[in-house]
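This is what each chain is made of:
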2 protein chains.
Amino acid sequence: MARWEPDASGRLVEAAMQLYRERGFDRTTVADIAARAGLTERTFFRYFADKREVLFSGAGTLQDFLVDKVAQAPAALPPIDVVARAVAETGQLFEQRRDFARHRQALIVAHADLQERELIKFASLASAIGQALRRRGVPATAASLAAEAGMTIFKLAFESWIEDGKKRDLGHHVRAAHAELEGVVGGARRRGVTAGRAKRSPRGAGQRDGR
Amino acid sequence: MARWEPDASGRLVEAAMQLYRERGFDRTTVADIAARAGLTERTFFRYFADKREVLFSGAGTLQDFLVDKVAQAPAALPPIDVVARAVAETGQLFEQRRDFARHRQALIVAHADLQERELIKFASLASAIGQALRRRGVPATAASLAAEAGMTIFKLAFESWIEDGKKRDLGHHVRAAHAELEGVVGGARRRGVTAGRAKRSPRGAGQRDGR
């Protein structure tokens, strides 16, 4: 077997996905994955720390892409729009891989340790995006909130995108998720209450009643 | 040593916190914690799975409290206000423990594996709160978003509460965080753009330009 294997990483990911679906994540070993890909275990470990990491091989690329897009956004754009737009543009990365993304998502939902790894991925994305926003001059708190809210939009949009029978692009789902989050968070405005801010919030009164 | 120890759990938490601060989380063993508390390792493991879990002993109580408050909230309250109000009310649980909370937070920030456990705790809270909202008749997506946004508010409010030199209560910080999130997420409205919804969002046009 040659020492250098063309697209060994991609073949390992493909093999792992096949096996996880055929026999389940728990019953698949690294040896199984390497064998299915026609590679050695040693080659596997050159690319991935363990069988969980195979499903997160794109996390670094995704983070770099989002940080770049945030850095390049027009200066006048509000932070949440900067993040939502960057998230919408990740559609370029996923466009041809909707089936893969759906299968991956089903695996994650079904396995607690994959869910934990996914949480870490999103926390890392939020942290990197928050930093990128601060480098644009966004104040620290607003940067963190926009990054966190952006990841909430991302998760919702991604889930509806992979299930979308009409195959609308990720940007469509990001805009819908953003609008929905805006509706949910801006509760006071929707019901026509005066949109007071922190110091004289209409919610403040209600909260004091309840304590 | 008696088999039953009054408040063994509380003594172990206290001993662990002392040791984590004195010699660091990594250099503290379960044996050290048990010895400092005047208890056996066996007693430690009756309460906690490992030295990480000691810092999360209140997670179950917190979750039950939040789920209860969500269930009991007035029927007419918008979901995000239900969650923010429940979060504000957790001030009752933390009021006397601001110093403890601050030290705990510093430990979590400094240790990746504690951060991961904290992420899991918040994901679990969001999931439980989302379910509690759905039981109130809130549609699934709005319930998830309100729960996620509520946890974003909780994290920000909690961080500013533990650092607040003026010792204002958690409710104050929750209202401020909620208002700040509302400002960040409702970007389109703040800048006076027509508040279009998903189908004709003003952000939509900008996004298409950028792709």
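Since the structure is predicted, the reported quantities are computational estimates derived from the model, not experimental observations.

A. How the structure looks around the overall build of chain A. In terms of helices and strands, chain A carries 12 helices and 0 strands. Going from the N terminus to the C terminus, chain A shows its helices and strands as α-α-α-α-α-α-α-α-α-α-α-α. Classification of the 211 residues of chain A by burial places 49% in the buried group. Surface accessibility of chain A: about 10100 Å² in total, with carbon and sulfur atoms responsible for 50%.

B. Spotlight on a negative patch on the surface. The grouping of A:Asp26, A:Asp113, A:Glu116, B:Asp26, B:Asp113 and B:Glu116 at the surface amounts to a negative patch. For the negative patch, the secondary structure elements donating two or more residues are helix H8 (112-135) of chain A together with helix H8 (112-135) of chain B. Checked against the element boundaries, A:Asp113 lands in helix H8.

C. Representation of helix H4 (residues 59-72) of chain B in the model. End to end, H4(B) covers 20 Å across 14 residues, agreeing with the expected 20 Å (1.5 Å per residue, within 8%). Burial in H4(B) covers these residues: B:Ala59, B:Leu62, B:Phe65, B:Leu66, B:Val67 and B:Val70.

D. Geometry of H8(B). All names here are of chain B. The terminal C-alpha atoms of H8, which comprises 24 residues, lie 35 Å apart, in line with the 34 Å expected from a rise of 1.5 Å per residue. Looking at the buried positions of H8, the neighbouring elements they touch are H4, helix H5 (79-89), helix H7 (98-110) and helix H9 (140-162). Positive backbone phi, approximately 95°, marks glycine 137, located one or two places after H8.

E. Representation of the packing of H4(B) against H8(B) in the model. Residue and element names in this part refer to chain B. The geometry of H4 relative to H8 is characterised by a closest axis approach of 9 Å and an angle of 25° between their N-to-C directions. Accordingly, the angle class assigned to the pair H4 and H8 is roughly parallel. Once H4 is placed against H8, the crossing between them reads as right-handed. Listed contacts from H8 to Ala59, Leu62, Gln63, Leu66, Val67 and Val70 of H4 are Lys121, Ser124, Leu125, Ala128, Ile129, Ala132, Leu133 and Arg135. For the contact of H4 with H8, the per-class residue count stands at 10 nonpolar, 2 polar and 2 charged.

F. The pattern of salt bridges, seen in detail. Residue and element names in this part refer to chain A. By the definition in use, this model includes 16 salt bridges over all chains. As a salt-bridge pair, arginine 23 and aspartate 32 come within 3.1 Å of each other at their nearest N and O atoms. Salt bridges sharing partners connect three or more residues here, namely Arg104, Glu118 and Lys121.

G. The arrangement of the environment of B:Val83 in detail. Residue and element names in this part refer to chain B. With respect to the helices and strands, the residue valine 83 is situated in helix H5. In the structure, valine 83 is positioned 14 residues away from lysine 69 in sequence and 8.3 Å away in space, judged by C-alpha atoms. Contact partners of valine 83, with chain neighbours within four places excluded, come to Ile129, Leu133, Ala146, Gly150 and Met151.

H. How the structure looks around the confidence of the model for chain A. All names here are of chain A. Residues with a pLDDT of 70 or more make up 86% of chain A, whose mean pLDDT is 87. Within the model, the stretch residues 190-211 combines pLDDT values under 50 with 40 contacts to residues more than four positions away or in other chains. Overall fold confidence (pTM) sits at 0.84, and the ipTM for the predicted complex is 0.81.

I. How the structure looks around the side chain of B:Thr28. Residues and elements named next belong to chain B. You can see threonine 28 is positioned in the loop between helix H1 (8-23) and helix H2 (30-37). One polar contact links the side chain of threonine 28 to the main-chain carbonyl oxygen of leucine 19, over a distance of 3.5 Å. With sequence-adjacent residues up to four places away left out, threonine 28 is seen in contact with Leu19, Tyr20, Arg23, Ile33 and Lys51.

J. Expanded view of the packing of aromatic side chains. This structure, assessed with the given rule, holds 18 aromatic pairs over all chains. Feature note: the residues A:Phe94, A:Phe122, A:Phe154, A:Phe158 and A:Trp161 constitute an aromatic cluster, connected by ring pairs. Of note, B:Lys51 hangs over the ring of B:Phe25, and the distance from its end group to the ring centre comes to 4.5 Å. For the cation-ring pair, B:Arg97 lies above B:Phe100, with the distance from its terminal atom to the ring centre recorded as 4.5 Å.

K. Spatial organisation of the packing of helix H5 (residues 79-89) of chain A against helix H10 (residues 170-185) of chain A. Residues and elements named next belong to chain A. The contact between H5 and H10 brings their axes to 8 Å, and the two run at 150°. On the basis of their axis angle, the class for H5 and H10 is roughly antiparallel. Our pair here, H5 against H10, has a crossing hand that is right-handed. Between H5 and H10, the contacting residues are Ile80, Asp81, Ala84, Val87 and Ala88 on the first element and Leu170, Gly171, Val174 and His178 on the second. Split into classes, the residues belonging to the contact of H5 with H10 amount to 6 nonpolar, 2 polar and 1 charged.

L. Expanded view of unusual backbone geometry. Residue and element names in this part refer to chain A. In this model, lysine 167 sits at a positive phi of 55°, which is unusual for a non-glycine residue. Note that lysine 167 resides in the loop between helix H9 (140-162) and H10. The exposed category is assigned to lysine 167, whose relative accessible area is 52%.

M. Representation of the environment of A:Glu118 in the model. Residues and elements named next belong to chain A. Its location among the elements puts glutamate 118 in helix H8. Counting along the chain gives 10 residues from glutamate 118 to isoleucine 108, while the straight-line C-alpha distance between them is 7.7 Å. The residues touching glutamate 118, leaving out its near neighbours within four places in the chain, are Phe56, Arg104, Gln105 and Ile108. Only 3.0 Å separates the side chain of glutamate 118 from the side chain of arginine 104, close enough to count as a polar contact.

N. The arrangement of the environment of A:Gly10 in detail. Residues and elements named next belong to chain A. Within the secondary structure, glycine 10 sits in helix H1 (residues 8-23). The partly exposed category is assigned to glycine 10, whose relative accessible area is 28%. For the pair glycine 10 and alanine 71, spaced 61 residues apart in sequence, the C-alpha to C-alpha distance is 29 Å.

Thresholds applied
- Residues numbered from 1 in each chain as written.
- Chains lettered and ligands numbered in written order.
- Predicted model: local features only at pLDDT ≥ 70, side-chain atom pairs only at ≥ 80, totals over all residues.
- Heavy atoms only, no water.
- Helix = DSSP H or I, 4+ residues; strand = E, 2+ residues; numbered from the N terminus.
- Buried < 20%, exposed > 50% of the residue type's maximum accessible area, 1.4 Å probe, protein only.
- Areas by Shrake-Rupley, 256 points an atom, 1.4 Å probe, with all protein chains shown as cover.
- Patch = residues over 30% accessible without salt bridge, like charges linked within 9 Å, V, L, I, M, F, W, Y side chains within 5 Å.
- Salt bridge = Lys/Arg side-chain N within 4 Å of Asp/Glu carboxyl O.
- Lys, Arg positive; Asp, Glu negative; His and termini not counted.
- Charge placed at Lys NZ, Arg CZ, Asp CG, Glu CD.
- Expected span 1.5 Å × (residues − 1).
- Contact = heavy atoms within 4.5 Å.
- Axes fitted to C-alpha atoms, helices over the stretch in contact; angles between N-to-C directions.
- Parallel < 35°, antiparallel > 145°, perpendicular 65-115°, else oblique.
- Left-handed = near helix turned anticlockwise from the far one by under 90°.
- Nonpolar A, V, L, I, M, F, W, Y, C, P; charged D, E, K, R; others polar.
- pLDDT = per-residue confidence, 0-100.
- Polar contact = N/O pair within 3.5 Å; in protein donor to acceptor, adjacent residues only side chain to side chain.
- Phe/Tyr/Trp six-rings, centres within 6.5 Å; stacked < 30°, edge-to-face > 60°.
- Lys NZ or Arg CZ within 6 Å of the ring centre and 35° of its normal.

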